[in-house]
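This is what each chain is made of:
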Amino acid sequence: MQTNRKDVGRRYREILIPVPPNRETADMHSQAFRDYYLGTQRLRDNFLAYLAGEDKHYIFMASAVASLDDVVAPEDD
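Definitions and cut-offs
Residues numbered from 1 in each chain as written. Predicted model: local features only at pLDDT ≥ 70, side-chain atom pairs only at ≥ 80, totals over all residues. Heavy atoms only, no water. Helix = DSSP H or I, 4+ residues; strand = E, 2+ residues; numbered from the N terminus. Areas by Shrake-Rupley, 256 points an atom, 1.4 Å probe, with all protein chains shown as cover. Phe/Tyr/Trp six-rings, centres within 6.5 Å; stacked < 30°, edge-to-face > 60°. Buried < 20%, exposed > 50% of the residue type's maximum accessible area, 1.4 Å probe, protein only. Salt bridge = Lys/Arg side-chain N within 4 Å of Asp/Glu carboxyl O. Bend = angle between axes of the 7 residues up to and from the residue. Polar contact = N/O pair within 3.5 Å; in protein donor to acceptor, adjacent residues only side chain to side chain.

**Focus on the overall build of the chain**
Right, so step 1: Helix and strand counts for the chain come out as two helices and zero strands.
Right, so step 2: As presented, the chain carries roughly 7,500 Å² of accessible surface, and 57% of it is formed by carbon and sulfur atoms.

**Re the packing of aromatic side chains**
Right, so step 1: The tally for this structure, following the rule as stated, stands at one aromatic pair.
Right, so step 2: Between Tyr-36 and Tyr-37 the ring centres are 4.9 Å apart and the planes differ by 80°, which places this aromatic pair in the edge-to-face class.
Right, so step 3: Given a relative accessible area of 53%, Tyr-36 falls into the exposed group.

**What to know about the pattern of salt bridges**
Right, so step 1: Going through the model one piece at a time under the given rule, you end up with one salt bridge.
Right, so step 2: A salt bridge links Asp-27 to Arg-23, with the nearest nitrogen and oxygen atoms 3.0 Å apart. Here Asp-27 pairs with Arg-23, and both are found in helix H1 (residues 23-53), just four residues apart, close to one helical turn.
Right, so step 3: You can call Asp-27 partly exposed: its relative accessible area is 28%.
Right, so step 4: With a relative accessible area of 57%, Arg-23 lands in the exposed category.

**A word on H1**
Right, so step 1: A bend of about 55° at Ser-30 is the largest found in H1.
Right, so step 2: For H1, the complete set of buried residues consists of Gly-39, Gln-41, Leu-48 and Leu-51.
Right, so step 3: Sitting at the amino-terminal end of H1 is Asn-22, which places a side-chain oxygen 3.3 Å from the backbone nitrogen of Glu-24.

Here it is as structure tokens:
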């Protein structure tokens, strides 16, 4: 549900945000989303590496798409 719209009105009081009881539960329920987005990023990185490695040029500027590694610092485990 999108909650930043003007038409929400007083219904904002009915919005419930699920808060997991612990990190393990949160990780378990978010795993499919994490796999999807990280997998998409890996595919994008592979595609950009292919274009850069073969010196390919296309109409769109694929090299302008940032890699996740360029934007987010790795987490400390």
